[in-house]
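Take a look at the letters that make up each chain.
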Amino acid sequence: MRSLPQISEAEFEVMKIVWKFAPINTNEITKRLEKTTSWSPKTIQTLIRRLVAKGALAYEKQSRIFVYRPLVEEQEYVNQESHSFLKRFYGGRISAMLSAYIENDRLSKDELETLRSLLSEDSGQ
């Protein structure tokens, strides 16, 4: 597995927009984030610059507009972060995480039913 850049929570919000709407320009990113955050346009531009510097985003200048696309695949990044979380908090054991969630009533009946269904599908292979 290749090493992916470390992305802060704020940078992750920018990445979610880029993943969903790429190719996307600075103004479009800013408009979308202003709807869901209290960040100023300068803050958003700083986050975008950081993501470019980290190698998470690439850009192309079209006239006076910068258009961005991801260099990191969303699923690849989510997989890495999930693995890191599991390893850090549960010793890499998904059963330990699920036990903790079940014991603390963190899973709804629907979520438990979905897990049962997934496990029964997996055991049938």
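The preceding data block contains the structure.
Residues numbered from 1 in each chain as written. Predicted model: local features only at pLDDT ≥ 70, side-chain atom pairs only at ≥ 80, totals over all residues. Heavy atoms only, no water.

On to the overall build of the protein chain. Scanning the protein chain from N- to C-terminus turns up six helices and three strands. Reading the protein chain from its N terminus to its C terminus gives the helix and strand order α-β-α-α-β-β-α-α-α. Relative to its length of 125 residues, the protein chain is extended, with a C-alpha radius of gyration of 19 Å against a globular reference of 14 Å. Dimensions of the protein chain along its principal axes, counting C-alpha atoms only, are 55 × 30 × 25 Å. In the protein chain, buried positions account for 24% of the 125 residues. Looking at the protein chain alone, contacts between residues at least 24 apart form 50% of all its contacts between residues at least 6 apart. About 9200 Å² of surface is accessible on the protein chain, with carbon and sulfur atoms providing 49% of the total. (Helix = DSSP H or I, 4+ residues; strand = E, 2+ residues; numbered from the N terminus. Rg over C-alpha atoms; globule rule 2.2 N^0.38 Å. Buried < 20%, exposed > 50% of the residue type's maximum accessible area, 1.4 Å probe, protein only. Contact = heavy atoms within 4.5 Å. Areas by Shrake-Rupley, 256 points an atom, 1.4 Å probe, with all protein chains shown as cover.)

On to the packing of helix α2 (residues 26-36) against helix α3 (residues 41-53), then. Closest axis-to-axis distance for the α2/α3 pair is 10 Å, and the angle between their directions is 120 degrees. Comparing the axis directions of α2 and α3 gives the class oblique. Where α2 crosses over α3, the two elements pack in a sense that is right-handed. Here Thr26, Ile29, Thr30, Leu33 and Glu34 of α2 lie close against α3, whose contacting residues are Pro41, Ile44, Gln45 and Ile48. A breakdown of the residues in the contact of α2 with α3 according to their chemical character gives five nonpolar, three polar and one charged. (Axes fitted to C-alpha atoms, helices over the stretch in contact; angles between N-to-C directions. Parallel < 35°, antiparallel > 145°, perpendicular 65-115°, else oblique. Left-handed = near helix turned anticlockwise from the far one by under 90°. Nonpolar A, V, L, I, M, F, W, Y, C, P; charged D, E, K, R; others polar.)

Orientation of helix α1 (residues 9-21) relative to α3, taken along the N-to-C sense of each, is 85 degrees, at an axis distance of 10 Å. Classified by the angle between their axes, α1 and α3 sit roughly perpendicular to one another. Two secondary-structure elements touch here, α1 through Ala10, Glu11, Val14 and Met15 and α3 through Leu47, Ile48, Arg50 and Leu51. The class makeup of the residues in the contact of α1 with α3 is six nonpolar, no polar and two charged.

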